[in-house]
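Given next are the chains, with one letter for each unit.
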Amino acid sequence: MIDFRPLTEMDFPKLCDWLNRPHMRAHYQKVPIDIADIERKYSPRLSPGHPTRCHVACYRGEPFGKIQGYLLQDYPEFAAEIGEDDGVAIDLFIGDERFMGQGLGRAMLASYVQDVVPSLFSETLNCFICHAKANETAIRCSLSAGFRPHREVIEGGQASLLLIFDRLT
Ligand SMILES: CC(C)(COP(=O)(O)OP(=O)(O)OC[C@H]1O[C@@H](n2cnc3c(N)ncnc32)[C@H](O)[C@@H]1OP(=O)(O)O)[C@@H](O)C(=O)NCCC(=O)NCCS
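Predicted model, so just to flag it, every value in this text is computed and none were measured. Numbering of residues begins from 1 in every chain and follows the order in which that chain's sequence is written. Whole-chain, interface and lining totals are the exception, using all residues; otherwise, since this is a predicted model, local features are given only for residues with pLDDT of at least 70 and side-chain atom pairs are given and counted only at 80 or more. Hydrogens and water molecules were not included; the side-chain quantities draw on all heavy atoms of the structure.

1. Some words on the overall build of the protein chain
Okay, step 1: Runs of H or I in DSSP of at least four residues are treated as helices and runs of E of at least two as strands, each being numbered from the N terminus. A count of helices and strands for the protein chain gives five helices and seven strands.
Okay, step 2: Each helix and strand of the protein chain, placed in order from N terminus to C terminus, yields the pattern β-α-α-β-β-α-β-α-β-α-β-β.
Okay, step 3: Expected size for 169 residues packed as a compact globule is a radius of gyration near 15 Å; at 15 Å, the protein chain falls within 12% of this value.
Okay, step 4: Once the C-alpha set of the protein chain is aligned to its principal axes, its extents read approximately 40 × 30 × 30 Å.
Okay, step 5: Within the protein chain, the fraction of its 169 residues that count as buried is 48%.
Okay, step 6: We call two residues in contact when some of their heavy atoms are within 4.5 Å. Relative to all contacts within the protein chain whose residues are 6 or more apart in sequence, the contacts with residues 24 or more apart total 60%.
Okay, step 7: Computed by Shrake-Rupley with a 1.4 Å probe, the accessible areas treat only the displayed protein chains as cover when residues are assessed. Surface accessibility of the protein chain: about 8,700 Å² in total, with carbon and sulfur atoms responsible for 51%.
Okay, step 8: Only four residue types enter the charge count: Lys and Arg as positive, Asp and Glu as negative, with His and the chain ends excluded. Here the site of a charge means NZ on Lys, CZ on Arg, CG on Asp, or CD on Glu. Here the protein chain carries 18 positive and 23 negative side-chain charges, and the mean point of each set is 5 Å from the other. C-alpha atoms define the radius of gyration, and 2.2 Å times the number of residues to the power 0.38 defines the globule rule. Throughout, exposure labels follow a simple rule: accessible area from a 1.4 Å probe, protein chains only, divided by the maximum for the residue type, with under 20% read as buried, over 50% as exposed, and the rest as partly exposed.

2. Some thoughts on the sheet that holds strand β4 (residues 88–94)
Okay, step 1: Any two strands with at least two DSSP-identified bridges between them are counted as paired. In spatial order, the strands read β1-β2-β3-β4-β5-β7-β6; together these seven strands make up an open sheet with mixed pairing. A strand with exactly one partner marks an edge of an open sheet, and here the two such strands are β1 (2–6) and β6 (148–155). Here the average twist between neighbouring strands, direction ignored, is 30°.
Okay, step 2: Judged from the six bridges that link them, strand β5 (residues 127–132) and strand β7 (residues 158–165) form a sheet pairing that is antiparallel. Directly across from Ile-129, in β7, lies its bridge partner Leu-163.
Okay, step 3: Note on geometry: axes are lines fitted to C-alpha atoms, helical ones only across the stretch in contact, with angles between N-to-C directions running from 0 to 180 degrees. Relative to the sheet, helix α4 (residues 104–120) contacts β1, β2 (53–59), β3 (62–71), β4, β5 and β7, its axis offset from that of β4 by approximately 145°.

3. A word on the site of the ligand
Okay, step 1: It suffices for a single heavy atom of a residue to lie within 4 Å of a molecule or strand for the residue to be listed as near it. Around the ligand, the structure places 18 residues, and the nearest of them are Ile-94, Gly-103, Arg-106, Asn-135 and Ser-144.
Okay, step 2: A distance of 3.0 Å separates a nitrogen atom of the ligand from a polar backbone atom of Leu-92.
Okay, step 3: Within the backbone of Gly-101, a nitrogen or oxygen atom sits 3.0 Å from an oxygen atom of the ligand.
Okay, step 4: A total of 940 Å² of accessible area belongs to the ligand in isolation, and the protein chains cover 74% of it.
Okay, step 5: Contributions of two or more residues to the shell around the ligand are made by β4, α4 and α5 (136–144).
Okay, step 6: The element contributing the most residues to the shell around the ligand is α5, with five residues.
Okay, step 7: Classification convention: Asp, Glu, Lys, Arg as charged; Ala, Val, Leu, Ile, Met, Phe, Trp, Tyr, Cys, Pro as nonpolar; all other residues, Gly among them, as polar. When its residues are assigned to classes, the shell around the ligand shows eight nonpolar, eight polar and two charged. Distance and chemistry together define a polar contact, namely a pair of N or O atoms within 3.5 Å, with one atom able to donate a hydrogen and the other to accept it when in protein, and with adjacent residues in sequence counting only for side-chain atoms on both sides.

Spelled out as structure tokens, the structure:
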């Protein structure tokens with residue numbers, strides 16, 4: 001019931017709306033963002049050669065969230081911060097709060113790591129996701145999706161938990 005499609009320029013107004021919603025302020029988008037910022041940040045990511053691959057998640061055809069994956073080796077600063085240099089990192093959010101709290105975050109993440117990541121990157125790479133320790137919902141979501149706690153880290157100056165989804169070796 002959850003499908004993923006690559007982010008397009010047509011999604012930018014919706015992305016801007018989602019990122020400015022109150023539930024995004026605490027952990028994901030801490031400051032307001034305008035459409036010019038969105039274009040600057042996300043336009044380069046539409047190119048197939050860009051290291052960050054962005055997708056819109058749809059439930060029964062309706063867009064409700066965004067998820068992205070990237071190789072840690074392409075982001076050495078972040079890799080150093082979390083103490084890993086090999087694998088795929090994932091970020092996600094549900095933009096439309098009507099879809100929150102119904103298991104869709106868990107389903108979206110589980111489906112992405114199992115079905116999308118292997119086709120984008122490799123079946124053998126571990127996946128990582130990092131959440132502020134204060135973001136209990138996100139941590140529970142990742143645990144429910146099959147991730148397990150890996151180590152405590154400081155990310156962006158914040159006490160955070162790095163979780164891992166082990167893949168075939
Ligand atoms: C994190 C997020 C994706 C979770 O999605 P969701 O659809 O709301 O969560 P789900 O319904 O799939 O629930 C996942 C788990 O979290 C728990 N949960 C859901 N809402 C919760 C809440 N408000 N407080 C505490 N736990 C909560 C659920 O009980 C479930 O745990 P369980 O399987 O052990 O019962 C979503 O809340 C979100 O987009 N938050 C804002 C952005 C963000 O923080 N992104 C993560 C940073 S990378």
